[in-house]
Amino acid sequence: MALKDGFYVYADLTGKSIYYIDFINDKYQTWGYGPDSGQVSKRVTAMIKMLENHATQKDVMQFLIDQTLEKE
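Here the structure is a predicted model, which is why all the values come from computation and not from measurement. (Residues numbered from 1 in each chain as written. Predicted model: local features only at pLDDT ≥ 70, side-chain atom pairs only at ≥ 80, totals over all residues. Heavy atoms only, no water.)

In terms of strand pairing, strand E3 (residues 17–24) meets strand E4 (residues 27–33) through seven bridges, oriented antiparallel. Bridging across to E4, tyrosine 19 finds its partner in glycine 32. Where E3 folds back onto E4 in an antiparallel hairpin, the turn is made up of two residues, including asparagine 25, whose phi is positive at roughly 50°. (Pairing = 2+ DSSP bridges. Helix = DSSP H or I, 4+ residues; strand = E, 2+ residues; numbered from the N terminus.)

Right, here's the structure in full:
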């Protein structure tokens, strides 16, 4: 996980995927990229729902970390 210029990036090295959150113009922007498009889509959807329910960006990053640890 990294905080760079106000946005968060999480790289799942095991799953070879990357996820991004930024807050621009009073709204969140999220995306993910990786070889398992179904998994990426599920995680990005979960990220969006968490943010809509007032989770912080750090909470969402912790969710991604937890998801990676569960796979191991």
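Further remarks concern helix H1 (residues 37–52). Its 16 residues place the ends of H1 22 Å apart at the C-alpha level, agreeing with the 22 Å of an ideal helix rising 1.5 Å per residue. For H1, every residue scored as buried is listed here: Val40, Arg43, Val44, Met47 and Leu51. All buried residues of H1 lie within an arc of 100° about the axis, which places them on one face of the element. Seen from the buried face of H1, the exposed residues on the opposite side, beyond 90 degrees, are Lys42, Lys49 and Glu52. Histidine 54 occupies a position one or two residues after H1 and carries a positive phi of about 70°. (Expected span 1.5 Å × (residues − 1). Buried < 20%, exposed > 50% of the residue type's maximum accessible area, 1.4 Å probe, protein only. Arc of directions from axis to C-beta.)

Turning our attention to the nonpolar core. Membership of the largest hydrophobic core is limited to twelve residues, which are Tyr8, Tyr10, Tyr19, Ile21, Val40, Val44, Met47, Leu51, Ala55, Val60, Met61 and Leu64. Residue assignment for this core shows that the elements contributing at least two residues are strand E2 (7–12), E3, H1 and helix H2 (57–71). Sorting elements by how many residues they give to this core places H1 first, with four residues. In contact with tyrosine 19, other than residues within four places in its own chain, are Tyr8, Val9, Tyr10, Trp31, Gly32, Gln39, Val40, Arg43, Val44, Met47 and Leu64. (Core = buried A, V, L, I, M, F, W, Y, C linked by side-chain atoms within 4.5 Å. Contact = heavy atoms within 4.5 Å.)

All right, on to the pattern of salt bridges then. Under the criterion given, the structure shown has one salt bridge. Where aspartate 12 meets arginine 43, a salt bridge forms, and the shortest distance between an N and an O atom there is 3.2 Å. Taken as a pair, aspartate 12 in strand E2 and arginine 43 in helix H1 lie far apart in primary sequence, 31 residues in all. We classify arginine 43 as buried; its relative accessible area is 2%. (Salt bridge = Lys/Arg side-chain N within 4 Å of Asp/Glu carboxyl O.)

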